[in-house]
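Geometric and topological summary
Next come the chains, spelled out residue by residue.
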Amino acid sequence: MGTITLVRHSQASFGDEDYDKLSELGLAQSGVIGEAFKERGFPTSEELTAVVWGGQRRHKETMDGVLKLWPYGGSTLEEKRFGEFDHMDIIFKGEDGFKPKAKMGIKLLFSKNKDKTIEKTFLKTLSRWVSGDFEEDYKEPFSKFHKRSWEGLVETTEKFKEKKNIFIFTSGGVIASILLKVLNIKKENFIPLVWSLYNGSLTQLTIRPTLKKDLSHEGTFFLSSLNEHHHMLGSGQEFLTNK
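Let us look at the structure shown here.

Parameters at a glance
Along each chain, residue indices are assigned from 1 in the same order as the chain's sequence is written. The predicted origin of the model limits local features to residues at a pLDDT of at least 70 and limits the giving and counting of side-chain atom pairs to 80 or more, whereas totals for whole chains, interfaces and linings rest on all residues. Computation of side-chain values covers all heavy atoms of the structure but excludes hydrogens and water. Here a helix means four or more residues in a row that DSSP labels H or I, a strand means two or more in a row labelled E, and each is numbered from the N terminus. Summary of the burial criterion: residues with accessible area below 20% of their type's maximum are buried, those above 50% are exposed, and those between are partly exposed, where the area comes from a 1.4 Å probe applied to protein chains only. Note on contacts: a residue pair is in contact if any heavy atoms of the two residues lie within 4.5 Å. We count a salt bridge whenever a side-chain nitrogen from Lys or Arg sits within 4 Å of a carboxyl oxygen from Asp or Glu. Under the pairing criterion, centres of Phe, Tyr and Trp rings, with the six-membered ring standing for Trp, must be within 6.5 Å; the plane angle then separates stacked pairs below 30 degrees from edge-to-face pairs above 60, leaving the rest tilted.

1. A closer look at the environment of Gly 54
For Gly 54, the position within the fold is in the loop between β2 (49-53) and α2 (57-67). Given the relative accessible area of 2%, Gly 54 is considered buried. Taking the C-alpha atoms as reference points, Gly 54 and Val 174, separated by 120 residues in sequence, lie 9.4 Å from one another. The residues contacting Gly 54, other than those within four sequence positions of it, are His 59, Glu 79, Lys 80, Phe 82, Gly 83 and Phe 169.

2. With respect to the pattern of salt bridges
Under the counting rule described, the total for this entry stands at 12 salt bridges. Between Glu 61 and Arg 57 there is a salt bridge whose closest N-O contact spans 2.7 Å. Here Arg 57 and Glu 61 lie together in helix α2, a separation of 4 residues that amounts to about one turn. The salt bridge partner of Asp 86 is Lys 139, with a shortest N-O separation of 3.9 Å.

3. What to know about the packing of aromatic side chains
All chains considered together, the criterion is met by 19 aromatic pairs. Measuring from centroid to centroid gives 5.5 Å for Trp 70 and Tyr 72, while their planes differ by 10°, and the two rings are stacked. Plain terms: the ring middles of Trp 129 and Phe 145 are 5.6 Å apart, the flat faces sit at 55° to each other, and that makes the pair tilted. Highlighted residues: Trp 129 in helix α5 (residues 114-131) and Phe 145 in helix α6 (residues 142-159), separated in sequence by 16 residues.

Structure, rendered in structure tokens:
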């Protein structure tokens, strides 16, 4: 048996022009994850371990912060199928009143709480995207996102089948998408899963390929832990974030 650890990236710069970079708090959170890796004794030998990141800046900055403290000495692999969905495309394609983008700027300008306005709008437009009823509107429909996230997991597992541990630095949407398949649950559970995942949290899957023939390929992966975040909470309430 092997283990896959899905690491949700540290806090990104929500509301800034460049969302993809980590915030100051996010950079500090990466160090907390690195300390947690050390405390848990995760193996650092490349013979036993593979480290993968999803191709976005926030994934790499989180991984780099971890590697400053966790002495893994091997190479890392960029796998873009673990990249997050395009949240801006989802917002602007899902809210007619936000076309053109200037209209959204006006709405935010007169909003008393910018973050709450964005969050409420995102939830509404995300539901539209997940529904699958408007797939032709999006650069990447939910069905394609869901498919490529799963294919990324399956093919990465196959690529590193000789390893005992695979660490994947990715985003909440990818983790939630993978969990839909692992737990065999409906896509309506996608948004509650995304909303529950904390920055820097760890979700672990156990690989049991001997059950593949009996349970289909989904039966290869079993959920061992979900959204572990005690390492963040132990550093202070301010470290517990989900954006």
